[in-house]
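Structural features, examined
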Amino acid sequence: MSNRMWGGRFATGPDAIMEEINASIGFDQKLWRQDIQGSLAHAAMLGKTGILTADDVAAITGGLKAIEAEIESGSFTFSRALEDIHMNIESRLRELIGPAAGRLHTARSRNDQVATDMRLWVRDTVDQIDQQIADVQLALTEKAAIFAGAVMPGFTHLQSAQPVTFGHHLLAYVEMLARDRSRLADARRRMNECPLGAAALAGTSFPIDRHATAKALGFDRPTANSLDSVSDRDFALEAVAAASICAMHLSRFAEEIVLWTTPQFGFIRLSDSFTTGSSIMPQKRNPDAAELVRGKAGRVFGALQALLTMMKGLPLTYSKDMQEDKEGVFDALQTLSLCLAAIAGMVRDMQPDLKTMKKAAGLGYATATDLADWLVRVLKMPFRDAHHVTGRLVGMASERGIGLEKLGLAEMQAVEPRITAEVLEVLGVERSVRSRVSHGGTAPRQVRAQASRWLRQLGREARKQVSA
Ligand code: ARG
């Protein structure tokens, strides 16, 4: 039998392989809510403009709501022969209300329908992700406020560089996540135009009201060009690109959690809630959740690459290739959402080992820059000369396997006679972080100020969410 939705000119049904490659219902059923939402808005508009009678609109609306309840309760049967979510719902509508169902598709095509559904889904998901990122920011900031003065090593090249504080390190991610949110918000702004009413590609001869459907669906305005409306998926690309960057940030943090929980670092401890044991090595506590956040970033990046590649050769307007946008976009955004939940959980769960971190902060001559800065400040040496003198002192200490502070004053004076005992004060890690008072620096005072600023800002946002 040929397809009832489009099979007028077809004598027979599709080959089994054709059906298999053509069907998207296996994955696009995720769009059921958006599809019904779009159809309800479209039907209401067709009624208001007099394109459909009030009776037809009432029947269609009632039928769509019944279908919504069926899908929600799990009693709806999805059929692969009906290809996709749009035709599954329309076909059921016909079963429920009869021929009036066929009028719903007036002045519409699956091309503008799917473009609308996808925008709605991506938009809703971006909104949810934004809240999740805010929650991770809050978890990080609360920890940062508590540990604003906890000294740990700061690294470059993963080599001890200069002492920093744990709070400062956590707030670095709060900043990254703020930019991730701003990228998503930016993508959302551009995406929030309604393609519905572009019809197949050229618009329609019916006197539709695109402003009404756009408004009903919470879009800022209708899209301006019908060809563009059914052709582009840049809204999904932008969301997945922003999601990829965010996933990359989370992956870096996850990598740090993996490092920090090793016995070699021992900077933090995760509880049983976020670790697993080994079936053979009883001593193990593996940071699986962090490893998976790191690993899952690849899926998100992969979806971005796949979507770019799928789109790059397509002439205007719609091509069936575009049906391939869905699985990757769904998976990328849902994966990010899961990673955010896992990171929020781990941040709240992690307990730093302050003694170990502080001890590590002093290793590797991490206060050598403080010594060089002292030579510049007190002895008025040019920084390059101070760097050289300090290097020689580090060399001496390192040869003897001791810290800079363990070198005797006489030994130091052998390299630079003007050095006084006062220099010993700047060699401590606490003193080092306290001195980094420049804006954005690691001094606990600065870190506390930044943490308070974020707590205020996140609190303001949360209040706005509640009142909205
Ligand atoms: N399932 C299709 C998709 O996701 C819906 C649009 C189909 N349009 C068409 N002209 N065959 O892209």
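Being a predicted model, the structure only gives us computed values, none of them experimental. (Residues numbered from 1 in each chain as written. Predicted model: local features only at pLDDT ≥ 70, side-chain atom pairs only at ≥ 80, totals over all residues. Heavy atoms only, no water.)

**Points about the site of the ligand**
Taken together, Ser24, Asp28, Asp84, His86, Arg110, Asn111, Val114, Tyr318, Gln323 and Lys326 form the complete shell of residues around the ligand. The separation between an oxygen atom of the ligand and a polar side-chain atom of Lys326 is 2.5 Å. If the ligand stood free it would expose 340 Å²; the protein chains cover 86% of that surface. Examining the composition of the shell around the ligand, we find that three residues originate from one element, helix H6 (residues 110-146), more than from any other. Taken together, the residues of the shell around the ligand break down into two nonpolar, four polar and four charged. (Near = heavy atom within 4 Å. Polar contact = N/O pair within 3.5 Å; in protein donor to acceptor, adjacent residues only side chain to side chain. Areas by Shrake-Rupley, 256 points an atom, 1.4 Å probe, with all protein chains shown as cover. Helix = DSSP H or I, 4+ residues; strand = E, 2+ residues; numbered from the N terminus. Nonpolar A, V, L, I, M, F, W, Y, C, P; charged D, E, K, R; others polar.)

**Quick look at unusual backbone geometry**
Residue Thr317 is bonded to the preceding Leu316 through a cis peptide linkage, with omega at 0°. Here Thr317 lies in the loop between helix H11 (288-311) and helix H12 (325-349). Backbone geometry places Leu158, a non-glycine residue, at a positive phi of 55°. Mapped onto the fold, Leu158 is located in the loop between strand S1 (151-156) and strand S2 (159-165).

**Thoughts on the pairing of S2**
As defined by bridge partners, S1 adjoins S2 across six bridges and the pair is classed as antiparallel. Within the sheet, the bridge partner assigned to Met152 lies in S2 and is Val164. Here S1 hands over to S2 after two residues, with His157 in that stretch at a positive phi of 55°. (Pairing = 2+ DSSP bridges.)

**As for the side chain of Thr317**
For Thr317, a relative accessible area of 13% corresponds to the buried category. Apart from residues lying up to four places away in sequence, Thr317 is in contact with Leu201, Leu227, Val230, Ser231 and Met322. (Buried < 20%, exposed > 50% of the residue type's maximum accessible area, 1.4 Å probe, protein only. Contact = heavy atoms within 4.5 Å.)

**Overview of a positive patch on the surface**
A surface patch of positive charge is lined by Arg456, Arg460, Arg463 and Lys464. Looking at the element boundaries, Arg460 is found in helix H18 (residues 444-467). Take Arg460: its relative accessible area is 48%, and that puts it in the partly exposed class. (Patch = residues over 30% accessible without salt bridge, like charges linked within 9 Å, V, L, I, M, F, W, Y side chains within 5 Å. Salt bridge = Lys/Arg side-chain N within 4 Å of Asp/Glu carboxyl O. Lys, Arg positive; Asp, Glu negative; His and termini not counted. Charge placed at Lys NZ, Arg CZ, Asp CG, Glu CD.)

**With respect to the packing of aromatic side chains**
Following the criterion strictly, the structure yields eight aromatic pairs and no others. One aromatic cluster in this structure is built from Phe147, Phe166, Tyr173, Phe253 and Trp260. Taking the ring centre of Phe330 as reference, the NZ or CZ of Lys30 above it sits at 5.8 Å. Here the guanidinium or amino end of Arg123 rests over the ring plane of Phe219, the centre of that ring lying 4.9 Å away. (Phe/Tyr/Trp six-rings, centres within 6.5 Å; stacked < 30°, edge-to-face > 60°. Lys NZ or Arg CZ within 6 Å of the ring centre and 35° of its normal.)

**Concerning the environment of Val437**
Within the secondary structure, Val437 sits in the loop between helix H17 (429-435) and H18. Distance from Val437 to Val447, taken between C-alpha atoms, is 9.4 Å for residues 10 residues apart in sequence. When neighbours within four sequence positions are excluded, Val437 is seen to be in contact with Ala443, Arg445 and Gln446.

**Structural notes on H6**
The terminal C-alpha atoms of H6 lie 54 Å apart, and with 37 residues this matches the ideal 54 Å at 1.5 Å per residue to within 8%. With respect to burial, H6 is a largely interior element, 26 of its 37 residues being buried. Among the residues of H6, the N-terminal cap falls to Ser109, whose side-chain oxygen and the backbone nitrogen of Asn111 are separated by 2.8 Å. (Expected span 1.5 Å × (residues − 1).)

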